[in-house]
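# Examining the three-dimensional arrangement
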Amino acid sequence: MFKKVLAPPFIILMASFALSGCNHDAELAEKIHTKLEKSAQLEKAFTQDQQNLLKLSQKEKLTYDEIGSLTIAQDRELKRKIDEAEEYNANMTQLLQDTKESFDEAYRQVLTIHPAVNKIEQPEEKNQANKLIKLMEKRHDEMGHYYKQYTELLQLNHGLYDLIREEEVNPDEIDDQIAAINQANNEMLKTEKQFNQYTNKYNKAKKKYTYKL
Amino acid sequence: MRQRKHLNRKGKWLVFAIMTITAFIIAVLVGDHEATKAKQSSEPISSLSAAPIIPTFESKEEFSNSALNQSIKEKSLEEKEALIAEKRKDQREKEQQTKAIYLTFDDGPTSHTDQLLDILDQYEMQATFFMLGPNIKQYPDAVKRMANEKFGLGLHGISHNIHDIYQNSQSPTKEMKEAQQILENVTGIHSPLIRLPYGSVPYLTEEMRYSLYQHEFTIWDWNVDSEDWELGDARYVQTTIKEIEELEQSGQTPVVLLHDKKETITHLPKLLSYLKNNGYHTEKITKEIPALTFTCNGRCYAI
């Protein structure tokens, strides 16, 4: 009696419950997807800030090269160019701050998926969503490191112009300062590379996660 | 015979109702699920990527290679040379009163230095020695004697090879610092007085000169070349006397280039007798005396 009459509806009912679970996860996934997209949208500002920083940095470098091409007899022009380079450097410090804030906003947006991720029932999907959060955390850590290094680098750069401005210029001391700047830049490039590796992983993980929706 | 049980009409209706409701639920759920999927697939999935860091800072070229640094060095050298020239004028006034002359001996010490010192002592004459580091190590007793007898002590580098000492902007400074340390180890005297092998023109470039000044060295050249090295015999005495007399007429204090070597020492008494008979007063070079240094004036070049 049970086999013939009740088993088919029972099986159908179980299947419908399972599908109902899938449906629940799909809704969560959609919510998560929306937030991730918003975060990626916010990273456009992060890219734009970096583009602005790059333009300013190129101007600062060009001004440094121009300073080097002058002679000590061109003292007025020299002073004007040093002032100009220091101003670029100060503006770079501000733009770096903006860059970090843009990234932090995108980061905070990703963190808002936490409650939704906790509710996901499918273990594999949950793991993938958690992996995304972890990779964003790693990007955030590297960004903190990058910001600290860049700030120190700009302080060294500021110190360089103070040395060039001195009455009694000491070329050895200036070269030591430049060596410190270049060394700091090389260290920062390593952090940039690490950040970009995490970004690649994050983008791949995001693609994999959203592909399944 | 097995008896089959059949549902009555009520039972049939119940099964039918259950199946209908179940089918309805499935239809709604699956339909909704499919609709969600359809809705999602109609939108572009994850079109945006997280952004990388763009390298925004470029490394800088060394300042020492810049035109600005070159001009700073040139200006600094010009100022220093002008200052020394000014001080030399004042010094000349003092030297004129005593009829001063500076005798300088390069390349020592040697196995003949003791004999040289004996002759100088005999004539009660002062002199300054520009010595090579390895020779100071080889003849430390001769150098100690010079120090004890208050002769002037200076440095002549290490290699005495133009391809070594004039190799790069820092190599003259490096050699002089090394020789300075050797002299200090032997005598306890820290001397800033130097003479470059073959003089400071033409091989000592402005870069090298600047570096030496940065390290507080005082560069001494000469205005009387005895030519003892080339002539190798008594003729150098006549050459030297002739040059001293010419210099005296032009109002300059003679700084005589001689070498610590056997042939020079052999004929030195003749020169010293001349100086004594003509009222010259030999002085030793100290760090307080403004140096007589050749100026490049565009003649200096790197090897």
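Residues numbered from 1 in each chain as written. Chains lettered and ligands numbered in written order. Predicted model: local features only at pLDDT ≥ 70, side-chain atom pairs only at ≥ 80, totals over all residues. Heavy atoms only, no water.

## Brief notes about the overall build of chain B
Counting its secondary structure elements, chain B contains eleven helices and eight strands. A buried classification covers 48% of the 303 residues belonging to chain B. In chain B, the share of contacts with a sequence separation of at least 24, taken over all contacts with a separation of at least 6, comes to 77%. Here chain B has roughly 16000 Å² of accessible surface; of this, 51% comes from carbon and sulfur atoms. (Helix = DSSP H or I, 4+ residues; strand = E, 2+ residues; numbered from the N terminus. Buried < 20%, exposed > 50% of the residue type's maximum accessible area, 1.4 Å probe, protein only. Contact = heavy atoms within 4.5 Å. Areas by Shrake-Rupley, 256 points an atom, 1.4 Å probe, with all protein chains shown as cover.)

## Overview of the packing of helix α10 (residues 235-249) of chain B against helix α11 (residues 262-277) of chain B
Residues and elements named next belong to chain B. Two elements in contact, α10 and α11, have axes whose closest approach is 9 Å; the angle formed by their N-to-C orientations is 35°. Of the two elements, α10 crosses α11, and the hand of that crossing is right-handed. Note on element contacts: α11 touches α10 through Glu-263, Thr-264, His-267, Leu-268, Lys-270, Leu-271, Tyr-274 and Leu-275, opposite Tyr-236, Val-237, Thr-240, Ile-241, Ile-244 and Glu-245. Looking at the contact of α10 with α11, its residues break down into eight nonpolar, three polar and three charged. (Axes fitted to C-alpha atoms, helices over the stretch in contact; angles between N-to-C directions. Left-handed = near helix turned anticlockwise from the far one by under 90°. Nonpolar A, V, L, I, M, F, W, Y, C, P; charged D, E, K, R; others polar.)

## Brief notes about the UniProt feature "coiled-coil region" (unreviewed entry) in chain B
When the UniProt feature table is mapped onto this chain numbering, "coiled-coil region" (unreviewed entry) sits at residues 73-100 of chain B. The annotated region residues 73-100 of chain B carries 93% helix and 4% strand content, and the separation between its end C-alpha atoms amounts to 33 Å. (UniProt positions renumbered as here; feature names shortened; annotations may be inferred.)

## Topic: the packing of helix α2 (residues 67-98) of chain B against helix α8 (residues 206-214) of chain B
Residues and elements named next belong to chain B. One way to put it is that α2 packs onto α8 with a least axis distance of 10 Å and a crossing angle of 65°. The element α2 and its partner α8 pack so that their crossing is left-handed. Along its contact with α2, which presents Gln-70, Lys-73, Glu-74, Ser-76, Leu-77, Lys-80, Glu-81 and Ile-84, the element α8 presents Glu-206, Glu-207, Arg-209, Tyr-210 and Tyr-213. Of the residues assigned to the contact of α2 with α8, the class counts are four nonpolar, two polar and seven charged.

## Things to note about the pairing of strand β7 (residues 255-259) of chain B
Residues and elements named next belong to chain B. For β7, the buried fraction is high: five of the five residues fall into the buried class. Burial along β7 is two-sided: the face carrying Val-255, Leu-257 and His-259 and the face carrying Val-256 and Leu-258 are both buried. Bridge count between strand β1 (residues 100-106) and β7: five bridges; the pairing is parallel. Note that in β7 the partner of Phe-105 across the bridge is Leu-258. Across two bridges, the pairing between strand β6 (residues 224-225) and β7 is parallel. By the bridge assignment, Val-224 is partnered in β7 with Val-256. (Pairing = 2+ DSSP bridges.)

## A closer look at the pairing of strand β3 (residues 152-155) of chain B
All names here are of chain B. Alternating residues of β3 divide into Gly-152 and Gly-154 and Leu-153 and Leu-155, and every residue in both groups is buried. Sheet topology places strand β2 (residues 128-131) next to β3; four bridges connect them, and they run parallel. If you follow Phe-129 over to β3, its bridge partner there is Leu-153.

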